[in-house]
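Here is what each chain is made of, one letter per residue.
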Amino acid sequence: MFIVSLRYVVPVEEVEPHMAGHMAWLDRCYAEGIFIASGRKVPRTGGVILARGERAALEACLAEDPFAVHGVAEFEIIECAISRTVDGLDALKE
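Residues numbered from 1 in each chain as written. Predicted model: local features only at pLDDT ≥ 70, side-chain atom pairs only at ≥ 80, totals over all residues. Heavy atoms only, no water.

Buried within helix α3 (residues 55-63) we find Leu-58, Cys-61 and Leu-62. Buried residues of α3 fall within an arc of 95° about the axis and therefore sit on the same side. Buried residues along α3 sit in contact with β1 (2-8), α2 (19-31), β2 (35-40), β3 (46-51), α4 (66-69) and β4 (73-79). (Buried < 20%, exposed > 50% of the residue type's maximum accessible area, 1.4 Å probe, protein only. Helix = DSSP H or I, 4+ residues; strand = E, 2+ residues; numbered from the N terminus. Arc of directions from axis to C-beta. Contact = heavy atoms within 4.5 Å.)

Given below as structure tokens:
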């Protein structure tokens, strides 16, 4: 399991023109089974993605995000082994 922390490196106004492409990219990554959850940070300084699979495949996927391609965001990947969840989230366990 991976927690991806996305951080905007430019003002949000410079991020907005790339939002439609970013959303299409997210849709593709969900369809491919790489992403299992995502959302904006509060305050809006970036986002968070929960992902699964191999790290190299995740890194390649993240490099295709329009935010990365256009240099408006940076990513931090945190790998973790989930061992406990509330009922209903058992699929997150390793």
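Attention now goes to the pattern of salt bridges. Using the criterion set out here, one finds 5 salt bridges in the structure. Across the pair Glu-16 and Arg-44 runs a salt bridge, and its minimum N-O distance is 2.6 Å. Here Glu-16, found in the loop between α1 (12-15) and α2, pairs with Arg-44, found in the loop between β2 and β3; they are 28 residues apart in sequence, far enough to count as distant. Classification of Glu-16 by relative accessible area gives partly exposed; the value is 38%. Residue Arg-28 is joined to Glu-64 by a salt bridge in which the shortest nitrogen-to-oxygen separation is 2.8 Å. Placement of Arg-28 in helix α2 and of Glu-64 in the loop between α3 and α4 is noted, with a sequence separation of 36 residues between them. Arg-28 sits in the partly exposed class, given a relative accessible area of 32%. Overall, the relative accessible area of 44% leaves Glu-64 in the partly exposed class. One connected set of salt bridges, linked through shared partners, spans Arg-28, Glu-32 and Glu-64. (Salt bridge = Lys/Arg side-chain N within 4 Å of Asp/Glu carboxyl O.)

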